[in-house]
Each structure stands twice: as C-alpha cells, then as structure tokens.
Amino acid sequence: MTTAIPRPADPRSPLQAARDRVRATAHQLVHTHLPLPQRQELADQHTRNVADLRALESGTARG
C-alpha cells in the first residue's frame, strides 16, 4: 500500500493555473514532434484545458 504524498498548495489563482495549462499544452503542440496518437491525446487535453479556462472566465466552472 502506498501513501499519497500531499502536494503543496498552488500559490497561483485557479484562473492563472488554467491559463498556464492552456499555454503549456499549446506550446507542446507547436514545438514537439509526436506520433499521431500522442498528438491527438495532447490536442484533446488542450481542448479540455481551454474549456476549463473559458468556464472559469465566465464564472461557470465545475466544482
């Protein structure tokens, strides 16, 4: 049995953290050369990150 290591509190606001995730996945999509299946997974993750960011910006974020 493994015990979970507690993660330190993120000093960024949820909105800034979401922006950083969108920026990171966009950067990876542009600057990495991945095989198509991994690239599609990354594109799907980027789409989810953008949707989360838009929800946070509009105030309808999921809890």
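Notes on the structure in this doc start here. Counting of residues starts from 1 at the beginning of each chain's written sequence and follows it residue by residue. With the structure being a predicted model, the display of local features is reserved for residues of pLDDT at least 70 and the display and counting of side-chain atom pairs for 80 or more, all residues being used for whole-chain, interface and lining totals. With hydrogens and water stripped out, all remaining heavy atoms of the structure feed into the side-chain values.

When its secondary structure is counted, the protein chain shows two helices and zero strands. Burial classification: accessible surface area is computed with a 1.4 Å probe over protein chains only, and a residue below 20% of its type maximum counts as buried, one above 50% as exposed, and the rest as partly exposed. Scored against the burial criterion, the 63 residues of the protein chain give a buried share of 17%. Here the protein chain displays about 5,300 Å² of accessible surface, and carbon together with sulfur accounts for 58% of that area. Helix and strand labels come from DSSP, where a helix needs a run of H or I of at least four residues and a strand needs a run of E of at least two; each type is numbered from the N terminus. Exposure was quantified through the Shrake-Rupley algorithm and a 1.4 Å probe, taking into account, for residues, occlusion by the shown protein chains and nothing else.

With 18 residues, helix α1 (residues 14-31) extends 26 Å between its outermost C-alpha atoms, agreeing within 8% with the 26 Å of an ideal straight helix rising 1.5 Å per residue. When we look at burial in α1, the residues that qualify are A17, A18, V22, T25 and L29. Angular distribution of buried residues about the axis of α1 spans 140°; they occupy a single face of the element. Exposed and oriented more than 90 degrees from the buried face of α1 are R23, V30 and H31. Where the residues of α1 are buried, they touch α2 (36-58). Expected span of a helix: the number of residues minus one, times 1.5 Å. Taken from the helix axis, the directions to the C-beta atoms give the arc we talk about. Note on definitions: a residue-residue contact is assigned when non-hydrogen atoms from the two residues lie within 4.5 Å.

We now examine the environment of R39. Within the element layout of this structure, R39 appears in helix α2. A C-alpha to C-alpha distance of 9.2 Å links R39 and Q28, two positions 11 residues apart in sequence. Among residues more than four places away in sequence, those in contact with R39 are L29, T32 and L34.

In this fold, T25 is placed in helix α1. The exposure class assigned to T25 is buried, which follows from its relative accessible area of 6%. If near-sequence neighbours (up to four positions away) are discounted, T25 is found in contact with L42, Q45, H46 and N49.

For α2, built from 23 residues, the straight-helix expectation of 33 Å at 1.5 Å per residue is met to within 8% by its first-to-last C-alpha distance of 33 Å. Within α2, burial applies to L42, H46, N49, V50, L53 and A55. Positive phi shows up at G59, right after α2, with a value of about 85°.

We now examine the pattern of salt bridges. Throughout this description, the term salt bridge denotes a Lys or Arg side-chain nitrogen within 4 Å of a carboxyl oxygen of Asp or Glu. Counting across every chain of the model gives two salt bridges. Of the charged contacts in the structure, one is a salt bridge between R19 and E57, with a shortest N-O distance of 3.9 Å. With R19 in helix α1 and E57 in helix α2, this pair connects stretches of sequence that are 38 residues apart. A salt bridge links D20 to R23; its shortest N-O distance comes to 2.9 Å. Separated by three residues within a single helix, D20 and R23 lie in helix α1, roughly one turn from each other. Overall, the relative accessible area of 21% leaves D20 in the partly exposed class.

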